[in-house]
Amino acid sequence: MGILGTRRRRLLAGVAGLGAVVATLPLWLGAGATGEGASRCETFAAQSAARAAAVSGSGAPVLVVGDSYSAGLGLDDLTASWPARLPGEVHVAGFSGSGFSPGASSCGARVAYDRRAPEALARLAADDPAGADDAVVVLEGGLNDVDQPSGEIAAGFERLLAGLEGHRVVVVGPPLAPERAAAVPRVDALLGELARAHGAAYVATSGLDLTYLPDRLHLTPEGHRVFGDHVAAALSAGQPAR
């Protein structure tokens, strides 16, 4: 196809992906997102769509499903969020505030990972059916699950993995963000156990020395670089990095 043909295909795919995401925004917001909450959820949805349209890299397809870290919340350039550091042709399905459990987000269960991951794979398949079948799926999160019951996190994880059968799955756990550090170890340990039980690689990030924005929760650009390079090393090695 050549370089120009490849760039054109990816540009069209990005536009198509953006249109597909925008078309699903009312469904993502759900009936529970009203008033001030709806405005916040609409902002998250628009950022999610913008990040989804920005495909980076080339090579084997990688699909990242995640939260605000993947979506790039707090960055001047959303496309500089940590998945941009990964090897391969990277597609991002990030939605701020979401998690493995349906109650993690105030925007409703519709944005939980088990609901969004199949939709993201379907969008990828529409552009490249063969590539979608071979895509590595990276699941990043946990910080928004810290106030959720372990049973709800586990149930959401089980539903999520059931929809990803046949894919290489890598789970990226939550860092010790100062704002939620005390609650992270439980979720970190639980996600690690669940990943291993399903034969998925687990990349712990709780040991990373990261820099945070003034909210003490979201990463600075340098924090994204360190986080992304850590995950990239794990993907390249084919095993979890700790």
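Values in this document were obtained by computation on a predicted structure and should not be read as measured data.

What counts, and where the lines are drawn
- Residues numbered from 1 in each chain as written.
- Predicted model: local features only at pLDDT ≥ 70, side-chain atom pairs only at ≥ 80, totals over all residues.
- Heavy atoms only, no water.
- Phe/Tyr/Trp six-rings, centres within 6.5 Å; stacked < 30°, edge-to-face > 60°.
- Helix = DSSP H or I, 4+ residues; strand = E, 2+ residues; numbered from the N terminus.
- Salt bridge = Lys/Arg side-chain N within 4 Å of Asp/Glu carboxyl O.
- Buried < 20%, exposed > 50% of the residue type's maximum accessible area, 1.4 Å probe, protein only.
- Axes fitted to C-alpha atoms, helices over the stretch in contact; angles between N-to-C directions.
- Parallel < 35°, antiparallel > 145°, perpendicular 65-115°, else oblique.
- Left-handed = near helix turned anticlockwise from the far one by under 90°.
- Contact = heavy atoms within 4.5 Å.
- Core = buried A, V, L, I, M, F, W, Y, C linked by side-chain atoms within 4.5 Å.
- Pairing = 2+ DSSP bridges.
- Nonpolar A, V, L, I, M, F, W, Y, C, P; charged D, E, K, R; others polar.

Undergrad: Got a minute to help me understand the packing of aromatic side chains in this structure?
TA: How two aromatic rings sit relative to each other is given by the distance of their centres and the angle of their planes. Inspection of every chain in the model, using the stated rule, returns five aromatic pairs. Seen in terms of ring centroids, Phe-44 and Phe-95 are 6.3 Å apart; in terms of plane orientation they differ by 85°. Their pairing is edge-to-face. On the criterion of sequence distance, the pair formed by Phe-44 in helix 3 (residues 35-52) and Phe-95 in the loop between strand 2 (89-94) and helix 5 (113-127) is long-range, its members being 51 residues apart.

Undergrad: I'm lost on unusual backbone geometry in this one. Help?
TA: Negative phi characterises most residues that are not glycine, and trans characterises most peptide bonds. Although it is not a glycine, Arg-216 sits at a positive phi angle of roughly 60°. Here Arg-216 shows up in the loop between strand 5 (201-203) and helix 9 (221-237).

Undergrad: In this structure, what is going on with the pattern of salt bridges? I would like to understand it.
TA: Opposite charge on two side chains makes pairing possible when the charged atoms of those side chains draw close. Summed over all chains, the structure comprises four salt bridges. The salt bridge partner of Arg-225 is Glu-222, with a shortest N-O separation of 2.9 Å. Of this pair, Arg-225 and Glu-222 both sit in helix 9, separated by three residues, roughly a single helical turn. A relative accessible area of 37% means that Glu-222 is categorised as partly exposed.

Undergrad: Please clarify how the packing of helix 5 against helix 7 (residues 150-162) should be interpreted in this entry.
TA: When two helices pack together, their arrangement is given by the angle between their axes and by how far apart the axes lie. Put simply, helix 5 and helix 7 touch, their axes get as near as 8 Å, and they point 15° apart. By the angle between their directions, the pair helix 5 and helix 7 is classed as roughly parallel. Considering how the two elements wind past one another, helix 5 and helix 7 form a crossing that is right-handed. Across from Tyr-113, Asp-114 and Ala-117 in helix 5, the residues of helix 7 making contact are Gly-156, Arg-159 and Leu-160.

Undergrad: How should I be thinking about the nonpolar core in this particular structure?
TA: If you look at soluble globular proteins, the nonpolar side chains tend to sit buried side by side. The biggest cluster of nonpolar side chains holds 52 residues, and the ones touching the most others in it are Leu-86, Phe-100, Val-138, Leu-139 and Val-171. The element contributing the most residues to this core is helix 8 (residues 184-197), with six residues. Those residues in contact with Leu-86 that lie beyond four places of it in its chain are Val-62, Val-64, Gly-228, Val-231, Ala-232 and Leu-235. Counting seven residues, the second largest nonpolar core, distinct from the first, contains Cys-41, Leu-73, Cys-107 and Val-111.

Undergrad: I tried to follow the sheet that holds strand 3 (residues 136-140) on my own but got confused; where do I start?
TA: Sheets are built from strands that pair by backbone hydrogen bonding, the pairs being arranged parallel or antiparallel. Reading across from one edge, 2-1-3-4-5 is the order of the five strands in this open sheet, with parallel pairing throughout. At either end of the open sheet lies a strand with only one pairing partner, and these are strand 2 and strand 5. Between one strand axis and the next, the sheet turns through 20° on average, direction left out of account. When strand 4 (residues 169-172) meets strand 5, the two strands line up parallel, connected through three bridges. Bridging across to strand 5, Val-170 finds its partner in Ala-201. On the sheet, helix 8 packs against strand 4 and strand 5 and is oriented at approximately 160° with respect to strand 5.

Undergrad: What exactly am I supposed to notice about the packing of helix 7 against helix 8 here?
TA: One can describe the packing of helix 7 onto helix 8 by two numbers: an axis separation of 11 Å at closest approach and a directional angle of 35°. Where helix 7 crosses over helix 8, the two elements pack in a sense that is right-handed. Residue-level contacts link Ser-150, Ile-153, Ala-154, Phe-157 and Glu-158 of helix 7 to Arg-186, Val-187, Leu-190, Leu-191, Leu-194 and Ala-195 of helix 8. The class makeup of the residues in the contact of helix 7 with helix 8 is eight nonpolar, one polar and two charged.

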